[in-house]
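Listed below, chain by chain, are the residues.
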Amino acid sequence: MFASVLNKGIRGGIAFLGAFLFICALTSCFSFKGIEFNNYPNLFYNFYANKIQSKFLIVALNYSFIALGAIIISFIAVKQEVVEKQNYFPVFIFMLLSVACLNPFQLSPQIFTNVFVLYAVYKLLKTYREENSLNQIYVAAFWLSVSSFISISSIINFPLFFITLLILRPFYWREWLVALLGFASPLMLFECVAYLSDFNQWYFIKAAQLFFNSLKLPSFSEYYVPLSLLLTVLFILSLFSNIINGFGNTVKKQRTKSFLLWFAFMSIFGFFSGGSNTSGIILTYALPLSIFIGDFLFSLKQIKIANTILTLLLFCALVVFLAEYNVL
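Worth saying up front: this structure is predicted, and the values here are computed from it rather than measured.

Concerning empty space enclosed by the protein
Evaluation of the coordinates by the stated rule reveals 4 cavities of 30 Å³ or more. Approximately 90 Å³ is the volume found for the second largest cavity. What lines the second largest cavity is Q110, T113, N114, V117, S153, S154, I156, N157, F263, S267 and T284. The element contributing the most residues to the lining of the second largest cavity is helix 6 (residues 109-126), with 4 residues. Of the residues that constitute the lining of the second largest cavity, the class distribution is 3 nonpolar, 8 polar and no charged.

Printed below as a string of structure tokens:
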């Protein structure tokens, strides 16, 4: 059913993925409540998310960024040869996790952040075996730095950036210097504007201090328990599958999956960030989950098993949607 569509490449999956996203957006427009709210006092929430009250505009912006993230995921997974070219399971899983963790009454900072993080990852992966990659590294560092102004928890990806450089490329001091300039550029631009307007100066330093001073256990919603448990089981199964069968038949696939494991490890610190909740944690892990689980589903020889797993994922997402309609 679903699996036979998602393993035929973009021609087979584009209509299904588009219809899925449209139906989910339409459903969100008429939901009655949100499951989890993100009221963390960051720049994005205070000056953007909190100002937009129109539900239809909120839904349109959220789903527009989900679509952008799905496009970048397809570039990372297929064009960068992280998975097979016919494999569009990662795109669908990314969409599913994003729409399931979406609050239809609030702009989602993590969904916006994911777009910039994914674009930075895409630019980094393009540097593999390229001789002149200074521009790509600068752009990747720049947009990763921008993501921290949307969700300050994105700063946990800063050290991951340099770990990824070491995984993909031999050490070259000019590339690291350019990366530092890329990280510093948005900070300098923001501080210049803040100084001229005499408003919100030294935001990044204060936000980082607040982030590390407000570490605590996250809040959990019972409506996300089925999805969280299923994702955990599937992620573990996909890791065992990769360990048994290898992390890929090319060096690039192996190094990219090594980076994704580092991404998953570094994201553990996001568990304890202030305002963290179940939906935010799942969205933070959307990249490694979608790639590993998507590759695992594509590798299954029995399409019926893949369809069963996809049906379970859809059922878990349906639980969240039913809760938003006050059915549960």
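Next, the rest of the story.
Things to note about the pattern of salt bridges
On inspection of all chains with the given rule, the structure shows 2 salt bridges. Across the salt bridge formed by E175 and R169, the nearest N and O atoms sit 2.8 Å from each other. Both residues of the pair, E175 and R169, count as buried. Across the pair K257 and D295 runs a salt bridge whose closest N-O atoms are separated by 2.5 Å. Placement of K257 in helix 12 (residues 251-266) and of D295 in helix 14 (residues 286-299) is noted, with a sequence separation of 38 residues between them. On the basis of relative accessibility, which here comes to 17%, the residue D295 falls in the buried class.

Cut-off values and rules
Residues numbered from 1 in each chain as written. Predicted model: local features only at pLDDT ≥ 70, side-chain atom pairs only at ≥ 80, totals over all residues. Heavy atoms only, no water. 1 Å grid on protein atoms, 1.4 Å probe; cavity = no way out; pocket = protein on both sides within 12 Å on 5 of 7 lines; lining within 4 Å. Points joined across faces, edges and corners; volume = space filled by probe spheres on them. Helix = DSSP H or I, 4+ residues; strand = E, 2+ residues; numbered from the N terminus. Nonpolar A, V, L, I, M, F, W, Y, C, P; charged D, E, K, R; others polar. Salt bridge = Lys/Arg side-chain N within 4 Å of Asp/Glu carboxyl O. Buried < 20%, exposed > 50% of the residue type's maximum accessible area, 1.4 Å probe, protein only.

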